[in-house]
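Survey of secondary and tertiary structure
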Amino acid sequence: MNAATSDSPRIGVYVCHCGSNIAHMVDVEEVRAWAEETLKGEGVVVARDYKFMCSSLGQELIQKDIRELGLNRIVVAACSPHLHEKTFRAACEKAGLNGYLCELVSIREHASWVHTDKAAATEKSKMIVAGGVKRVRYDEPLDPLRVPIHKRTLVVGGGIAGIQTALEIANAGYPVYLVEREASIGGHMAQFDKTFPTLDCAACILTPKMVDAGEHPNITLLTWSEVTRVEGSLGNFQVTIRKKARHVVEDLCTGCGICTEKCPKKVLDTVFEAGLGYRKAIYTPFPQSVPKYPVIDVENCTYFVKGKCKACQIFCPTGAIDFEQEDEETTVEVGNIILATGFQTFDPRRIPQYGYGRLANVFTSLEFERMSNAAGPTGGEIVLRDGKTKPQSVAIVHCVGSRDRRYNNYCSVICCMQSLKFAHLVKERTGAEVYNFYIDMRTAYKGYDEFYQRVLSEGVNLVRGKVAEITDAARLPGEEGKLIVQVEDTLAGRQRRIPVDMVILSVGLEPRKDAYETAKLFGISCSANGWYTEKHPKLDPVATMTEGIFIAGACQGPKDIPTSVAQGAAAAARVLGHIQAGEMSMEPIRASVDEARCSGCRICNGLCPFNAISFHDDRRVTEINPALCQGCGTCVAACPAGAISGTGFSDAQVMAQIEGLLWDVRV
């Protein structure tokens, strides 16, 4: 026998019914009996089945056998290791057996759930169990890696989720770096007028939190800044942050606004005002900005373009304007990182039949948010593009860019409620006739359906059907000078042409355009749609597969404000747990390099999805950082020299499992 298993293997096999999840398609008793009889020669001492092996009684059954029968290897045939591997490892540890001498093989996902033939599923389950038994003979006892946790935390993204996260950690007494790429924190929520379903003023509930974050002694606010490099691992990340030049000396600036007032250059604000308003070349994004310091737009500033002007510098009473200021880089050490980088809105120009950018009075939802905001470019007046005419009829189109295989095949969560809010605001402020065009009305959360009923009672017209086209080509009387919405009314069972003065496109939410680059920078992954991937969609929605890096808010997927706040608080709780523990244990399933066999070809260097591999030019060998490695095996498979091996997945273990999977159970 292999030296690693020189002790005589005494293996216990435990087959789970998983209620009816497994038992409805697999004859569990037959699998148990087969394992006990046929696999005796492989070291199986006992085989049992139980209704729910993961229950406390199921775990106690395993522990009792370990103690009384002297078992030194365990195979549990149940569900996915991703779900309950830790459960059974912990059970073994309580009985005095190293948890890494326990193998969990999946007969639920790999047999029961993918078959309709019970006999075939049963035979396959026997082979899966045989593979686990063969493999466990080569398992070795392992010890988790212990790493100390630095008490500082980095939060990337200053929207509502990032602000909530930073405040939770800072209020617990620990230091936080809050990084935001724009000149002020606040994110998209700062652009909104009211929030559904309670119609609270967005600024009224957001601004106090912004001020708290800006003034908190435990929060270092780094706005107009971006993360450029991330090194290290859980407990000890080294993060390089580039602070872009504001050309304003923050220590001297009082935020008086004289520089903005005296600046002669007006620029169309395509960011905060969504292209509806103007700002100066030196500006703060909005009156409640935190921090209060302005920033110079060097691409539009007359001095940077032509070398003339300097009006802001001339009139600044404190001499805070510095045209020579340059970008600065700083490196901080943190124990954990939370990404709350948010979303971007779908560009409706991608749907040309809706006319956005071509038909003047077709607006996006973000444009309408700014228009309806009392601090927006129209002072809260809902008007057409001419800036003065109030609409008499308004169409609101749901699901623009969402639930559509040509664009985004997912629901953007907020569109139905957002559109109902718009309908209420239009009715309230203009008295116009309002038409909401929807595919399905989704009002699932607290107070949402009540708001839907309220909007119905206000006389809003709801038309169920996907809008085919928005045009200004009049064909019927009464359509001249109007926008015509062409739609199939699926409830009435007919095509309709509805003329209106204004159309609002309720655009969906998308991952930020640089989401993949950001994910690669931090060593995490994205879904096929581009959202950051969580460790488990149900049981661990705030962690990622890279230890020490968490996600919060709409960077994980579309969500509304309450859910973003809740997820931010949840991520903060996870980080606080790490900090207060002082140190954390990490999986010992890691890859390692045999330097004597490494040829320095570097094939593995660019393949690691977790950025765990580095190359030493002086020694011409590759090294794997065990704290960053997640044991995925990509490098092991790619190494042409066979110089990389995976702990817990040695060649002997893998080949033994394959041999077991090929067992002829019919013999």
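Chains are numbered independently. Their residues run from 1 in the order of the written sequence. With pLDDT at 70 or above as the cut-off, local features in this predicted model cover only qualifying residues; side-chain atom pairs require 80 or more to be listed or tallied, and sums for whole chains, interfaces and linings still use all residues. Side-chain numbers come from the whole structure's heavy atoms, not from hydrogens or water.

**Remarks on the sheet that holds strand S3 (residues 73-78)**
Any two strands with at least two DSSP-identified bridges between them are counted as paired. Under the scheme used here, helices are H or I runs from DSSP no shorter than 4 residues and strands are E runs no shorter than 2 residues, and both carry numbers assigned from the N terminus. A sheet is described by the order of its strands in space; here four strands give the open sequence S2-S1-S3-S4, paired in parallel fashion. The open sheet terminates on both sides in strands that have one partner only, identified here as strand S2 (44-50) and strand S4 (102-106). When strand polarity is set aside, the average angle formed by the axes of neighbouring strands in this sheet is 15 degrees. Taken together, the five bridges between strand S1 (residues 11-16) and S3 define a ladder with parallel strand orientation. Across the sheet, the residue bridging to isoleucine 11 is arginine 73, located in S3. Residue contacts are defined here by distance: any two heavy atoms, one from each residue, within 4.5 Å place the two residues in contact. Helix axes are fitted to C-alpha atoms over the stretch in contact, other axes to C-alpha atoms as well, and angles between N-to-C directions run from 0 to 180 degrees. Here helix H1 (residues 28-38) sits on the sheet in contact with S1 and S2, set at roughly 175 degrees to S2. Each of S1, S2 and S3 touches helix H2 (residues 56-69); the most contacted strand, S2, lies at about 165 degrees to it.

**Some words on helix H13 (residues 515-522)**
A 1.4 Å probe rolled over the protein chains alone gives each residue an accessible area, and that area as a share of the maximum for its type sets the label: buried under 20%, exposed over 50%, partly exposed in between. The complete set of buried residues in H13 reads Ala515, Thr518, Ala519 and Phe522. Down the axis of H13, the smallest arc covering the buried residues is 100 degrees, so these residues share one side. Among the exposed residues of H13, those oriented more than 90 degrees off its buried face are Glu517 and Lys520. Against the buried residues of H13 lie strand S6 (153-156), strand S11 (225-233), strand S18 (336-339), strand S28 (509-511) and strand S29 (549-551). Once H13 ends, the next one or two residues include glycine 523, with phi positive near 75 degrees. Regarding the arc, it is the one traced by the directions from the helix axis to the C-beta atoms.

**Describing the nonpolar core**
Val13 and Ile74 are the most contacted members of the largest nonpolar core, which totals 43 residues. The set of elements that each furnish at least two residues to this core consists of S1, H1, S2, H2, S3, helix H3 (81-94), S4 and helix H4 (118-136). Counting residues per element, this core draws most heavily on H4, which supplies six residues. If sequence neighbours within four positions are ignored, isoleucine 74 has contacts with Gly12, Tyr14, Ile62, Ile66, Cys92, Leu97, Leu101, Cys102, Glu103 and Val136. By size, the runner-up hydrophobic cluster in this structure holds 40 residues, among which are Leu178, Ala190, Leu221 and Leu234. In this text, buried Ala, Val, Leu, Ile, Met, Phe, Trp, Tyr and Cys residues form a nonpolar core when linked through side-chain atoms within 4.5 Å.

**Some details on the side chain of arginine 590**
By the element assignment, arginine 590 lies in the loop between strand S30 (583-586) and strand S31 (591-593). Within 3.5 Å is the distance limit for a polar contact, defined as a pair of N or O atoms, with the added protein rule that one can donate a hydrogen and the other accept it, and that residues adjacent in sequence qualify only through two side-chain atoms. A distance of 2.6 Å separates a polar atom in the side chain of arginine 590 from the backbone oxygen of cysteine 629. Apart from residues no more than four positions distant in its own chain, arginine 590 is found in contact with Leu145, Pro626, Ala627, Cys629, Gln630, Gly631, Ser645, Gly646 and Thr647.

**Quick look at the packing of H1 against H4**
Between H1 and H4, whose axes approach to 10 Å, the crossing angle comes to 40 degrees. Comparing the axis directions of H1 and H4 gives the class oblique. As for the relative orientation of H1 and H4, their crossing is right-handed in sense. Along its contact with H1, which presents Glu30, Val31, Trp34 and Ala35, the element H4 presents Thr122, Glu123, Ser125, Lys126, Val129 and Ala130. Note that the term roughly parallel is reserved for angles under 35 degrees, roughly antiparallel for angles over 145, roughly perpendicular for angles of 65 to 115, and oblique for everything else. For any helix crossing, the convention is left-handed if the near helix is rotated counterclockwise from the far helix by under a right angle, and right-handed if that rotation is clockwise.

**Describing a nonpolar patch on the surface**
A contiguous nonpolar patch, built from Phe649, Val654, Met655, Ile658 and Leu662 and spanning about 490 Å² of accessible area, is present on the exposed surface. Among the structural elements, phenylalanine 649 can be located in the loop between strand S34 (644-646) and helix H16 (651-661). For patches, a residue must show more than 30% relative accessible area and have no salt bridge; joins then use 9 Å for like charges and 5 Å for nonpolar side chains, namely Val, Leu, Ile, Met, Phe, Trp and Tyr. Here the accessible surface of atoms and residues is derived via Shrake-Rupley with a 1.4 Å probe, and residues count as covered only by protein chains that are part of the display. Counted as salt bridges are all cases of a side-chain nitrogen of Lys or Arg within 4 Å of a carboxyl oxygen of Asp or Glu.

**Side note on the domain arrangement of the protein chain**
What the domain assignment lists for the protein chain is domain 1 (3-142), domain 2 (153-244 + 328-342 + 512-583), domain 3 (258-315), domain 4 (344-510) and domain 5 (591-647). Note: domain ranges come from an automatic or database domain assignment. Domain 2 and domain 3 are separated by 28 Å when their C-alpha centres are compared. In this description, buried area is defined as the sum, over both parts, of the accessible area (probe of 1.4 Å) that is lost when the two are combined. Buried surface at the junction of domain 2 and domain 3, summed over both partners, amounts to about 950 Å²; 70% is from carbon and sulfur atoms. Three residues, Ala183, Ser184 and Gln191, lead the burial of domain 2 against domain 3; their summed loss comes to 42% of the area buried on that side. Across the contact surface, domain 2 and domain 3 share zero salt bridges. At the boundary of domain 2 with domain 3, the tally comes to four residue pairs in polar contact (both at pLDDT 80 or more). Mapped onto the side of domain 2 that touches domain 3, the elements with two or more residues apiece are helix H6 (202-215) and strand S10 (219-223). Ranked by residues supplied to the side of domain 2 that touches domain 3, first place goes to H6 with four residues. Each residue gets one of three labels, nonpolar for Ala, Val, Leu, Ile, Met, Phe, Trp, Tyr, Cys and Pro, charged for Asp, Glu, Lys and Arg, and polar for the others, Gly among them. For the side of domain 2 that touches domain 3, the residue count by class is seven nonpolar, five polar and one charged.

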